[in-house]
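Each chain, letter by letter, is given below.
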There are 2 protein chains.
Amino acid sequence: MSRTATKAGTSKTEPASGASFAARLNAAAAETESLLDRLLAAGPVEGEIARPHRVVEAMRYTSLGGGKRLRPFLTVETAALFGVKREHALMAGAAIELVHCYSLVHDDLPAMDDDDLRRGRPTAHKKFDEATAILAGDGLLTFAFDVLGRPETHPDATVRIALVTGLARAAGLGGMVGGQMLDLAAEGRFGKSDTPQGEKDVLTLQAMKTGAILKFCCTAGAILGNASAPKRDAVARYGQVIGQAFQIADDLLDVEGDAATLGKAAGKDAAHGKATLVDLLGVAGARARLAQLVKDAESALEPFGADAAILKDAAHFVAERRA
Amino acid sequence: MSRTATKAGTSKTEPASGASFAARLNAAAAETESLLDRLLAAGPVEGEIARPHRVVEAMRYTSLGGGKRLRPFLTVETAALFGVKREHALMAGAAIELVHCYSLVHDDLPAMDDDDLRRGRPTAHKKFDEATAILAGDGLLTFAFDVLGRPETHPDATVRIALVTGLARAAGLGGMVGGQMLDLAAEGRFGKSDTPQGEKDVLTLQAMKTGAILKFCCTAGAILGNASAPKRDAVARYGQVIGQAFQIADDLLDVEGDAATLGKAAGKDAAHGKATLVDLLGVAGARARLAQLVKDAESALEPFGADAAILKDAAHFVAERRA
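Residues numbered from 1 in each chain as written. Chains lettered and ligands numbered in written order. Predicted model: local features only at pLDDT ≥ 70, side-chain atom pairs only at ≥ 80, totals over all residues.

Q: In this structure, what is going on with the overall build of chain A? I would like to understand it.
A: Helix and strand counts for chain A come out as 14 helices and two strands. When burial is assessed residue by residue, chain A has 59% of its 323 residues classed as buried. Pairs at least 24 residues apart make up 72% of the contacts formed inside chain A by residues separated by at least 6 positions. (Helix = DSSP H or I, 4+ residues; strand = E, 2+ residues; numbered from the N terminus. Buried ≥ 20, exposed ≤ 12 C-beta atoms within 10 Å, placed from the backbone. Contact = placed C-beta atoms within 7 Å.)

Q: Whenever I open this one, the packing of helix H6 (residues 130-149) of chain A against helix H7 (residues 157-171) of chain B confuses me. Can you help?
A: Axes are the key here: two packed helices are described by the angle between their axes and the distance separating the axes. Their axes nearest at 8 Å, the elements H6(A) and H7(B) cross at an angle of 145 degrees. Relative to H7(B), H6(A) is oriented so that their crossing is left-handed. Between H6(A) and H7(B), the contacting residues are Thr142(A), Phe143(A), Phe145(A), Asp146(A) and Gly149(A) on the first element and Ile161(B), Val164(B), Thr165(B), Ala168(B), Arg169(B) and Ala171(B) on the second. A breakdown of the residues in the contact of H6(A) with H7(B) according to their chemical character gives six nonpolar, three polar and two charged. (Axes fitted to C-alpha atoms, helices over the stretch in contact; angles between N-to-C directions. Left-handed = near helix turned anticlockwise from the far one by under 90°. Nonpolar A, V, L, I, M, F, W, Y, C, P; charged D, E, K, R; others polar.)

Q: How should the relation of the copies chain A and chain B be read in this particular structure?
A: The operation linking the two copies of the chain is a rotation about an axis combined with a translation along the axis. Rotating chain A by 180 degrees and translating it 0.0 Å along the rotation axis places it on chain B, where the RMSD comes to 0.0 Å. Given the turn and translation reported, the copies of this chain are related as if by a two-fold rotation axis. Most of the interface of chain A is mirrored in chain B, where 100% of its interface residues are also at the interface. (Least-squares fit on C-alpha atoms with pLDDT ≥ 70 in both.)

Q: Could you clarify how one ought to interpret the nonpolar core in this entry?
A: A general feature of soluble globular proteins is that nonpolar side chains tend to end up buried together. Membership of the largest hydrophobic core comes to 218 residues, with the highest contact counts inside it found for Leu167(A), Ala245(A), Leu167(B) and Ala245(B). For Leu167(A), the residues in contact, after removing those within four places along its chain, are Ala95(A), Ile96(A), Val99(A), Ala144(A), Leu148(A) and Phe216(A). (Core = buried A, V, L, I, M, F, W, Y, C linked by C-beta atoms within 7 Å.)

Q: Teacher, can you tell me more about the interface of chain A and chain B here?
A: A common measure of how large an interface is: the accessible area buried when the components associate. Chain A puts 55 residues into the contact, and the matching count from chain B is 55 residues. Secondary structure elements with two or more residues in the side of chain A that touches chain B: helix H2 (53-63), H6, helix H7 (157-171), helix H8 (176-186) and helix H9 (199-224) of chain A. Here the side of chain A that touches chain B takes 12 residues from H6(A), the largest share from any one element. A per-class count over the side of chain A that touches chain B returns 32 nonpolar, 14 polar and nine charged.

Q: Hey, could you run me through the packing of helix H4 (residues 86-108) of chain A against H7(A) in this one?
A: Residue and element names in this part refer to chain A. In contact at an axis separation of 11 Å, H4 and H7 are set at 25 degrees when each is read in the N-to-C sense. On the basis of their axis angle, the class for H4 and H7 is roughly parallel. The hand of the H4/H7 crossing is right-handed. Contact residues: H4 offers Ala-92, Ala-95, Ile-96 and Val-99, while H7 offers Leu-163, Leu-167 and Ala-171. (Parallel < 35°, antiparallel > 145°, perpendicular 65-115°, else oblique.)

Q: Is there a simple way to explain unusual backbone geometry in this structure?
A: The general pattern is negative phi for most residues beyond glycine and trans for most peptide bonds. Even without glycine at this site, Arg119(A) takes up a positive phi of about 50 degrees. In this fold, Arg119(A) is placed in the loop between strand E1 (117-118) and strand E2 (121-122).

Q: Looking at this structure, I do not really get the confidence of the model for chain A. What am I missing?
A: A low pLDDT score tells you not to read the predicted coordinates there in detail. All names here are of chain A. The share of residues in chain A with pLDDT of 70 or more is 87%, and the mean pLDDT across the chain is 90. Predicted confidence for residues 1-17 stays below pLDDT 50, and this span has 53 contacts to residues more than four positions away or in other chains. Scored as a complex, the prediction yields pTM 0.92 and ipTM 0.92. (pLDDT = per-residue confidence, 0-100.)

Q: Explain the environment of Leu81(A) to me, please; I cannot follow it from the model alone.
A: Residues and elements named next belong to chain A. Looking at where Leu-81 falls in the secondary structure, it is placed in helix H3 (residues 70-81). With 22 C-beta atoms counted inside 10 Å, the residue Leu-81 sits in the buried group. Residues Leu-81 and Val-283, 202 residues apart in the sequence, show an inter-C-alpha distance of 35 Å. Leave out the neighbours within four places in its chain, and Leu-81 touches Gly-221, Phe-304, Asp-307 and Ala-308.

Q: When you look at H7(A) in this model, what are you seeing that I'm missing?
A: Two residues of an α-helix separated by three or four positions point the same way, owing to the 3.6 residues in each turn. With 15 residues, H7(A) should reach 21 Å at 1.5 Å per residue; the first-to-last C-alpha distance of 21 Å fits that figure. With 13 of 15 residues buried, H7(A) lies mostly within the body of the structure. (Expected span 1.5 Å × (residues − 1).)

Q: Please clarify how the environment of Glu87(A) should be interpreted in this entry.
A: Assignment of secondary structure puts Glu87(A) in helix H4. As a C-alpha pair, Glu87(A) and Thr153(A) span 66 residues in sequence and 7.5 Å in three-dimensional space.

Q: Just checking my understanding: could you explain the environment of Gly172(B) for this structure?
A: All names here are of chain B. Here Gly-172 lies in the loop between H7 and helix H8 (176-186). On the neighbour-count criterion, Gly-172 (26 C-beta atoms within 10 Å) is buried. Residues Gly-172 and Arg-86, 86 residues apart in the sequence, show an inter-C-alpha distance of 27 Å.

Q: Quick question: what am I supposed to make of helix H9 (residues 199-224) of chain B here?
A: Residue and element names in this part refer to chain B. If you look at H9, its biggest bend is around 55 degrees, right at Gly-211. The buried fraction of H9 is high, at 21 of 26 residues. Asn-226 lies just past H9 and shows a positive phi near 45 degrees. (Bend = angle between axes of the 7 residues up to and from the residue.)

The structure is reproduced here in structure tokens:
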């Protein structure tokens with residue numbers, strides 16, 4: 001239930017169908033890295049007064065140099081279905097990645113999950129201090145909306161504002177922020193009554209905490225491409241299913257993974273007393289569910305035919321990853 | 001240098017020129033309260049999955065029921081110069097107020113300023129817990145961009161995206177977030193070298209930490225009204241000067257105010273070893289500077305003639321407030 005799978009770093013990508021998937025995943029990651037580096041290297045832009053060194057350093061530390069960049073990849077490849085210029089998709093993907101990185105920084109804080117390591121490096125509050133980590137997270141979140149607002153993301157303001165609205169809702173109280181609150185409740189912090197118990201509660205928690213942003217990655221591609229409603233719904237459905245698969249794979253890794261591969265201790269969710277789908281369905285049941293989700297993802301992509309081959313590979317990658 | 005003046009609550013507004021100013025300030029405050037109440041009362045909107053009770057409760061606790069609502073007032077009254085519909089200006093003002101409230105919640109955290117009281121009530125991490133306070137702040141910040149993205153803020157997407165960009169830059173690493181980082185540095189937390197020393201450093205810190213958002217309140221009115229560049233610059237200049245006056249008044253209150261009126265202990269800045277303009281200019285020098293800033297604010301408003309009377313009153317109010 002934690003976002004721990006992303007802690008394992010960039011080195012262990014296992015493509016489901018050959019080198020082309022890995023190459024495209026890595027290409028999107030490299031381009032995202034380079035773009036974030038440029039966006040966070042620039043001096044103050046119009047409307048900014050100055051960029052104090054320490055906040056820039058902390059924002060760079062927490063957003064550069066790591067991660068599979070699965071989210072920008074999904075945006076870039078979904079956008080490609082609709083003929084979107086790659087530089088536009090990369091800007092939107094970078095904004096989403098900034099939100100993902102902020103969420104990791106804040107989730108790692110002592111008052112939240114209290115983690116000392118992230119992607120094998122000290123977490124922000126360990127590397128800097130707690131105040132700097134809070135501010136770096138706030139800065140990354142705010143900067144994401146700056147990036148979405150720029151003409152480089154899309155020339156049409158209507159498209160940009162649709163991205164702003166979509167990201168705000170996927171990330172906010174009705175999405176990721178709300179999901180993290182449910183996750184803390186699931187640890188029993190606020191008393192028994194708030195704790196999710198059954199499969200429906202667990203699915204809602206996961207859909208909010210990690211699913212909403214993963215789904216939005218795909219919707220963003222459709223927004224950028226002014227896709228028709230049916231095609232937009234199709235990629236949204238794909239993104240939703242991918243999000244569920246991502247979480248089950250994460251939960252299976254948590255019970256089955258070995259610490260060396262994961263880059264963290266296995267069994268952490270059980271130690272926190274949090275219910276996962278693996279608890280509710282058993283390992284075999286969870287594996288069956290995962291296989292069904294991959295089929296659902298492929299089926300959602302039917303309208304796009306062979307163009308969507310890379311996204312089908314991505315579904316396998318998400319489900320079958322080992323780290 | 002802290003945002004403590006806002007802790008004193010709503011009851012002590014002292015209009016500079018009669019009842020009409022107080023009435024209009026209070027009207028904007030009441031309308032903002034009612035709008036925020038509505039925005040944060042609604043169930044999940046399109047693109048949200050659910051709004052967990054605890055996060056909604058904490059966001060409402062930290063954004064409703066207090067404050068002079070100076071920021072929305074400035075947006076509403078600046079927008080009025082350009083014939084903007086009041087309901088549009090109130091939406092933009094509400095978004096800015098959400099950002100202001102988030103900044104108070106995060107600044108009050110134990111790792112930041114470690115304050116137990118805000119507007120005479122327990123701060124969010126005291127009323128709830130630290131994790132909930134962090135998430136409530138994150139939720140308020142994210143929600144501000146949701147609000148700006150809505151057609152109710154303005155029918156023209158170009159206007160809405162200009163508001164998004166302006167708010168992101170005023171609030172982000174080159175504005176408020178960066179200013180809070182400089183403020184922590186000014187306490188000597190990160191070693192001597194980062195500590196602002198002279199007047200220029202102190203002005204930059206203040207322009208970022210509180211000035212950028214106050215300036216944006218006024219720019220937002222011009223953006224909503226599609227103002228000409230000279231008129232937009234004029235209200236931006238007014239907003240910038242208002243921000244400086246606000247801060248000097250705050251610093252004077254800190255050395256001269258009594259705790260009962262302030263709702264907090266006086267002399268807090270000196271206790272933190274932070275330089276203020278009052279330290280650098282002396283009390284008499286700071287008072288002279290403040291008087292000059294009020295004149296500058298009035299002069300910036302010249303292009304608007306009698307229409308800007310209420311904003312001139314606001315300059316006096318900001319400079320002469322006692323709480």
